[in-house]
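Breakdown of the fold
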Amino acid sequence: TAGALKHKLNIRYFASKIFRKDGHTDYKRIADNRELFYGKSVSQINSVMKEQGYETTIRKSTHSGSRAKFIVVGNSNQNRNVTAVEVTPGSPRHGNVPYVRISTSDLGKFKVINGTKSQYKTDGSEKAKLIFRRKSKWN
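Here the structure is a predicted model, which is why all the values come from computation and not from measurement.

Along the chain, the position of Ser64 falls in the loop between β1 (56-60) and β2 (69-73). When its relative accessible area of 79% is taken as the criterion, Ser64 is described as exposed. Counting along the chain gives 47 residues from Ser64 to Lys111, while the straight-line C-alpha distance between them is 21 Å.

Looking now at the nonpolar core. Counting residues in hydrophobic clusters, the biggest one holds 25 residues, and the most contacted among them are Phe37, Ile45, Met49, Val82, Val85 and Ile102. Broken down by secondary-structure element, the contributors of at least two residues to this core are α1 (2-18), α2 (27-32), α3 (42-51), β2, β3 (82-88), β4 (99-104) and β5 (109-113). Excluding its chain neighbours within four sequence positions, the residues that come into contact with Met49 are Phe19, Tyr54, Thr56, Ile71, Val73, Val82 and Val85. Counting residues in each nonpolar core, the second largest holds five residues, with Val97, Tyr99, Ile113 and Tyr120 among its members.

Now for the sheet that holds strand β6 (residues 128-131). Across the sheet, six strands lie side by side as β1-β2-β3-β4-β5-β6; this open sheet has mixed pairing. Across the chains shown, the open sheet's two edge strands, defined by having one partner strand only, are β1 and β6. This sheet shows a mean twist of 15° between the axes of neighbouring strands, independent of strand direction. Sheet analysis places β2 next to β3, joined by four bridges and oriented antiparallel. Bridge pairing links Lys69 to Val87 in β3.

In the structure shown here, the tally under the stated rule is five aromatic pairs. Taken together, a centroid distance of 5.8 Å and an interplanar angle of 50° make the contact between Tyr27 and Phe110 tilted. Within this pair, whereas Tyr27 is found in helix α2, its partner Phe110 is found in strand β5, the two being separated by 83 residues in sequence. Under the relative-accessibility criterion, Tyr27 is labelled partly exposed at 39%. Judged by its relative accessible area of 1%, Phe110 is buried. Seen from their ring centres, Tyr99 and Tyr120 are 6.3 Å apart, and the 90° between their planes marks the pair as edge-to-face. Here Tyr99 is found in strand β4, whereas its partner Tyr120 is found in the loop between β5 and β6, with 21 residues between them in sequence. Exposure remark for Tyr99: the relative accessible area of 7% places this residue in the buried category. Feature note: the residues Tyr99, Tyr120 and Phe132 constitute an aromatic cluster, connected by ring pairs. The aromatic ring of Phe70 is capped on one face by Arg59, whose charged end is 4.6 Å from the ring centroid.

Definitions and cut-offs
Residues numbered from 1 in each chain as written. Predicted model: local features only at pLDDT ≥ 70, side-chain atom pairs only at ≥ 80, totals over all residues. Heavy atoms only, no water. Helix = DSSP H or I, 4+ residues; strand = E, 2+ residues; numbered from the N terminus. Buried < 20%, exposed > 50% of the residue type's maximum accessible area, 1.4 Å probe, protein only. Core = buried A, V, L, I, M, F, W, Y, C linked by side-chain atoms within 4.5 Å. Contact = heavy atoms within 4.5 Å. Pairing = 2+ DSSP bridges. Axes fitted to C-alpha atoms, helices over the stretch in contact; angles between N-to-C directions. Phe/Tyr/Trp six-rings, centres within 6.5 Å; stacked < 30°, edge-to-face > 60°. Lys NZ or Arg CZ within 6 Å of the ring centre and 35° of its normal.

Set out below in structure tokens:
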């Protein structure tokens, strides 16, 4: 159907912007295309990863009251460097701002935050590189 085709094309577009052909990603690809993560569900991001050859499992957070879901990768390697993705719709701990945290085996963690620096609460000990919403796509 047309809807299924549109969804497939969107997955391919998302994948082509976030990942190289071998499945590797980096800070620049994520930061330059941060808007692609906004409003995406864990299943949509999981589809993109599967398109890139990742073997994944979706699981819920083990933290009490958390609504976060995780995509756990079973086949990360030198090329496919994503080890896990956390999709969080927002929580009181971080100011109810939705974010996606991408963990990699070689570059650390990146957190794509669908909000501004002033909206996002942190205790100052973030281990992830924070990527906030732009004022406009061209900033």
